[in-house]
Amino acid sequence: MNTKNSWLRLLVIVLAIPAFVLNGWLLLLTLDYFKPIINIFVTATLLSFLLDYPVQRLQRYGIRRTIAILVVLLITLIIFIILGITLIPMIIQQFNTLLERLPSWIESGTQQIKTFEAWAMSRNIPVNVGGVTVQLLEKLSNQVQSLGGDVIGGVLTVFSRVLDVVITAAMTFYLLLHGDQLWDDFYQLFPTKIRLPIRTALRTNFKNYLIGQASVAGLLGIFMTLAFLIIRVPFGLLFGIAIGVMGLFPFGASLGISLVCFLVALNSIWLGVKVLIAAIIVDQIIENGIAPRLLGGFTGLNPVLILLSLLIGARIAGFLGLIVAVPLASFFKSLIAILQNPASESI
């Protein structure tokens with residue numbers, strides 16, 4: 001009898017897998033159809049999470065929440081306008097110049113490799129990396145040039161969609177003003193005994209993570225830029241800001257540092273070494289001295305799960321998916337723990 005039940009259970013699981021895959025595929029199609037609307041809502045939600053912190057700080061001084069929200073949004077708008085007038089055009093100019101100089105950098109890197117091979121052969125050291133490296137450099141050149149077109153086109157698209165920007169700003173305002181009511185309605189979907197733990201887990205894994213990660217990424221971008229300007233790295237502003245942006249998600253800063261060091265080393269191997277040393281020093285100071293105080297290590301996820309969640313997030317939602325992947329995965333982990341043992345997670 002037990003064997004028969006086991007076979008029936010296995011049969012049900014096997015039959016359920018196609019239905020699960022089909023429902024997941026239909027869900028992805030639905031999300032892709034409503035992607036512009038979802039992107040606006042997710043962006044507004046992230047902005048409301050980040051801006052709620054200064055709003056609460058102003059409320060502590062006796063300022064009404066509505067006035068505090070308007071003040072914070074006005075200051076944020078002014079900051080974006082200043083950056084759009086001063087910093088962003090400089091970054092775009094440096095990016096375009098980098099694309100123009102990249103072929104000569106690749107040629108310089110190829111010559112350095114040939115010089116190294118000649119030096120090794122003169123000392124009877126078997127080294128043959130020239131052919132593979134040249135192919136990799138050519139592919140890198142094509143990829144960067146293609147990425148350059150996508151980035152510039154994406155920036156122009158964003159600036160051309162003024163209506164989306166206005167809608168996002170308006171939705172951010174209303175989320176700051178009435179977001180608690182919206183989330184209260186969302187929590188009504190769960191049983192009463194686990195609503196508070198779920199609220200706590202969601203706030204911890206999203207709001208605190210986003211504020212901490214954004215703060216770390218901002219500091220990383222500022223100090224990397226200053227370090228690159230001090231040692232006179234070409235396109236130091238572009239490279240520093242790029243590393244800061246990639247620092248918005250785990251492993252992004254290390255990937256950005258590796259890419260920047262490689263690009264600089266193509267032009268000058270010794271300057272690439274100096275960039276690597278400076279970047280490691282700045283990264284270690286921030287990661288070991290500042291990041292633990294801001295992030296607190298609360299995600300509790302295995303590095304493998306973090307990497308897997310980043311890959312899934314990037315595949316589904318691109319850059320926004322990279323930003324929300326880790327806190328969302330951590331929330332799901334907390335949700336499973338709460339559902340398994342609600343009493344131990346209640347506060």
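Scroll up to find the structure this text is about.
Here's what I pulled together on the structure shown here. (Residues numbered from 1 in each chain as written. Predicted model: local features only at pLDDT ≥ 70, side-chain atom pairs only at ≥ 80, totals over all residues. Heavy atoms only, no water.)

With that settled, consider the nonpolar core. Of all hydrophobic cores here, the largest spans 30 residues; its most connected members are Met-224, Phe-228, Phe-239 and Val-275. Broken down by secondary-structure element, the contributors of at least two residues to this core are helix H4 (87-122), helix H7 (192-230), helix H8 (236-246), helix H9 (252-267) and helix H10 (269-295). Grouped together as the second largest cluster of nonpolar side chains are 23 residues, Ala-201, Tyr-209, Leu-310 and Ala-325 included. (Core = buried A, V, L, I, M, F, W, Y, C linked by side-chain atoms within 4.5 Å. Buried < 20%, exposed > 50% of the residue type's maximum accessible area, 1.4 Å probe, protein only. Helix = DSSP H or I, 4+ residues; strand = E, 2+ residues; numbered from the N terminus.)

Our focus in this paragraph is the pattern of salt bridges. Two side chains with opposite charge may pair up if their charged atoms get near one another. A full pass over the atoms with the stated rule returns one salt bridge. Here Arg-65 ties to Asp-52 by a salt bridge, and the two come within 2.7 Å at their closest N and O atoms. Remark: Asp-52 occurs in helix H2 (residues 35-59) and Arg-65 occurs in helix H3 (residues 65-85); sequence separation between them is 13 residues. You can call Asp-52 buried: its relative accessible area is 10%. (Salt bridge = Lys/Arg side-chain N within 4 Å of Asp/Glu carboxyl O.)

Attention now goes to H9. Under the 1.5 Å per step criterion, the end-to-end length of H9 is 23 Å for 16 residues, consistent within 8% with the ideal 22 Å. Residues of H9 that are buried include every one of Gly-252, Ala-253, Gly-256, Ile-257, Val-260, Cys-261, Leu-263, Val-264, Ala-265 and Leu-266, and no others. (Expected span 1.5 Å × (residues − 1).)

The N-to-C vectors of H2 and H3 enclose an angle of 130 degrees; their axes lie 9 Å apart at closest approach. Classified by the angle their axes make, H2 and H3 are oblique. Crossing of H2 against H3: the hand is right-handed. Residue-level contacts link Leu-51, Asp-52, Pro-54, Val-55, Leu-58 and Gln-59 of H2 to Arg-65, Ala-68, Ile-69, Val-71, Val-72, Leu-73 and Thr-76 of H3. (Axes fitted to C-alpha atoms, helices over the stretch in contact; angles between N-to-C directions. Parallel < 35°, antiparallel > 145°, perpendicular 65-115°, else oblique. Left-handed = near helix turned anticlockwise from the far one by under 90°. Contact = heavy atoms within 4.5 Å.)

This part covers the side chain of Thr-168. Residue position: Thr-168 is located in helix H6 (residues 162-187). Its relative accessible area of 12% is what places Thr-168 among the buried residues.

Tracing the sequence through the fold places Cys-261 in helix H9. Remark: the alpha-carbon pair of Cys-261 and Ala-279, spanning 18 residues in sequence, is separated by 8.8 Å. The residues touching Cys-261, leaving out its near neighbours within four places in the chain, are Gly-272, Val-275 and Leu-276.

For the rest of this paragraph, the subject is the packing of aromatic side chains. Taken as a whole, this structure holds four aromatic pairs when the rule is applied. Both rings, one in Phe-49 and one in Trp-183, keep their centres 6.2 Å apart while their planes meet at 15 degrees; by these two values the pair is stacked. Here Trp-183 lies in helix H6 and Phe-49 lies in helix H2, a separation of 134 residues in the sequence. Judged by its relative accessible area of 23%, Trp-183 is partly exposed. (Phe/Tyr/Trp six-rings, centres within 6.5 Å; stacked < 30°, edge-to-face > 60°.)

Relative to the 30 Å expected for 21 residues at 1.5 Å per residue, H3 spans 30 Å between its end C-alpha atoms, a close match to the ideal helical length. Those residues of H3 that fall on the buried side of the exposure criterion are Ala-68, Ile-69, Val-72 and Thr-76. Projection of H3 onto a plane perpendicular to its axis shows the buried side chains occupying an angular sector of 100 degrees, all on one side. (Arc of directions from axis to C-beta.)

Take the side chain of Thr-225 next. Mapped onto the elements, Thr-225 comes out in helix H7. Of the polar contacts made by the side chain of Thr-225, one reaches the backbone oxygen of Gly-221; its length is 2.6 Å. Those residues within four positions of Thr-225 in sequence are excluded, and the remaining contacts are Gly-236, Leu-237, Gly-240 and Ile-241. (Polar contact = N/O pair within 3.5 Å; in protein donor to acceptor, adjacent residues only side chain to side chain.)

A word on a nonpolar patch on the surface. On the surface, a cluster of nonpolar side chains totalling about 1,000 Å² of accessible area is made up of Leu-27, Leu-28, Leu-31, Tyr-33, Phe-34, Ile-37, Ile-38, Leu-305, Leu-308, Ile-312 and Ile-316. Taken together, the elements giving at least two residues each to the nonpolar patch come down to helix H1 (2-33), H2 and helix H11 (303-340). (Patch = residues over 30% accessible without salt bridge, like charges linked within 9 Å, V, L, I, M, F, W, Y side chains within 5 Å. Areas by Shrake-Rupley, 256 points an atom, 1.4 Å probe, with all protein chains shown as cover.)

Moving on: unusual backbone geometry. Excluding glycine, a negative phi dihedral is what most residues carry, and trans is how most peptide bonds are arranged. The phi angle at Arg-232 is positive, at roughly 60 degrees, despite the residue not being glycine. Here Arg-232 shows up in the loop between H7 and H8. The backbone of Phe-235 shows a phi angle near 60 degrees, a positive value even though the residue is not glycine. Mapped onto the elements, Phe-235 comes out in the loop between H7 and H8. Here Phe-235 falls in the buried class, since its relative accessible area comes to 9%.

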